[in-house]
Amino acid sequence: MSSRVMTEQTFLVLTALAEEPLHGYAIVRSVAALSEGRTRLRVGTLYGVLDRLVADGLAERDREEVHQGRLRRYYRITETGYRALSAEVARLSANVRAASGVLRARGLAGGAL
């Protein structure tokens, strides 16, 4: 990925694609499930994220198929995408550990891992 920070939407789309190749509507559903409903992608937002992922080499088109008269375009994560997702997981985990330590030291809830 370029030097830009990975957004939550990008992180969740890559996570969804890490499971299996998916078409747009399935990605929207997967992101909603992964985020327990906290993130709801609109179609325009989804395809903007996918366009950036493809441009950055983190995802690619997998295949197209016609379903009930409509074209479904499937996307899959690339090896570069897996590496970027893994790096982001490590970065976020380190941030969680740091914040949890601060909260525990202050005796505040939320400091448990």
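These numbers come from a predicted model, not from an experiment. (Residues numbered from 1 in each chain as written. Predicted model: local features only at pLDDT ≥ 70, side-chain atom pairs only at ≥ 80, totals over all residues. Heavy atoms only, no water.)

1. A look at the overall build of the chain
Now for step 1: From N to C terminus, the chain includes four helices and three strands.
Now for step 2: For the chain, the N- to C-terminal ordering of α and β elements is α-β-α-α-β-β-α.
Now for step 3: Per-residue burial over the chain gives 32% buried out of 113 residues.
Now for step 4: Once local pairs closer than 6 in sequence are excluded, the contacts in the chain between residues at least 24 apart make up 46%.
Now for step 5: Only carbon and sulfur atoms are counted for the fraction: they give 51% of the accessible area of the chain, which is about 7,200 Å².
Now for step 6: Here the chain contributes 17 positively and 12 negatively charged side chains, and the mean placements of these two sets differ by 7 Å. (Helix = DSSP H or I, 4+ residues; strand = E, 2+ residues; numbered from the N terminus. Buried < 20%, exposed > 50% of the residue type's maximum accessible area, 1.4 Å probe, protein only. Contact = heavy atoms within 4.5 Å. Areas by Shrake-Rupley, 256 points an atom, 1.4 Å probe, with all protein chains shown as cover. Lys, Arg positive; Asp, Glu negative; His and termini not counted. Charge placed at Lys NZ, Arg CZ, Asp CG, Glu CD.)

2. So, the packing of helix α2 (residues 24–34) against helix α3 (residues 43–55)
Pairs of packed helices are described in terms of their axes, by the angle between the two and the distance that separates them.
Now for step 1: Remark: α2 packs on α3, axes separated minimally by 11 Å, with the N-to-C direction vectors making an angle of 100°. It follows from the interaxial angle that α2 and α3 lie roughly perpendicular. Contacts between α2 and α3 involve Gly24, Ile27 and Val28 from the first element and Leu46, Tyr47 and Leu50 from the second.
Now for step 2: Looking at the contact of α2 with α3 residue by residue, the classes come out as five nonpolar, one polar and no charged. (Axes fitted to C-alpha atoms, helices over the stretch in contact; angles between N-to-C directions. Parallel < 35°, antiparallel > 145°, perpendicular 65-115°, else oblique. Nonpolar A, V, L, I, M, F, W, Y, C, P; charged D, E, K, R; others polar.)

3. Details of the pairing of strand β3 (residues 70–77)
Now for step 1: As paired strands, strand β1 (residues 22–23) and β3 are joined by two bridges and run antiparallel to one another. Of the residues in β3, the one forming a bridge with Leu22 is Tyr75.
Now for step 2: When strand β2 (residues 59–67) meets β3, the two strands line up antiparallel, connected through eight bridges. Paired with Glu64 across the two strands is Arg73, which belongs to β3.
Now for step 3: Adjacent in sequence and paired antiparallel, β2 and β3 are bridged by two residues, among which Gln68 carries a positive phi angle near 50°. (Pairing = 2+ DSSP bridges.)

4. Re the pattern of salt bridges
Now for step 1: With the rule as written, the count across this model stands at seven salt bridges.
Now for step 2: The closest approach of N and O atoms between Glu65 and Arg63, which form a salt bridge, is 3.8 Å.
Now for step 3: Given the relative accessible area of 31%, Glu65 is considered partly exposed.
Now for step 4: Residue class for Arg63 comes out partly exposed when judged on its relative accessible area of 37%.
Now for step 5: In this structure, Glu64 and Arg73 form a salt bridge, with 2.7 Å as the shortest nitrogen-oxygen distance.
Now for step 6: Relative accessible area serves as the criterion here: at 27%, Arg73 is assigned to the partly exposed category.
Now for step 7: One salt-bridge network, in which partners are shared between bridges, spans Glu60, Asp62, Arg63, Glu65 and Arg76. (Salt bridge = Lys/Arg side-chain N within 4 Å of Asp/Glu carboxyl O.)

5. Focus on the side chain of Glu88
Now for step 1: Considering the arrangement of structural elements, one finds Glu88 in helix α4 (residues 79–105).
Now for step 2: The class for Glu88 is buried, based on a relative accessible area of 9%.
Now for step 3: Apart from residues no more than four positions distant in its own chain, Glu88 is found in contact with Met6 and Phe11.

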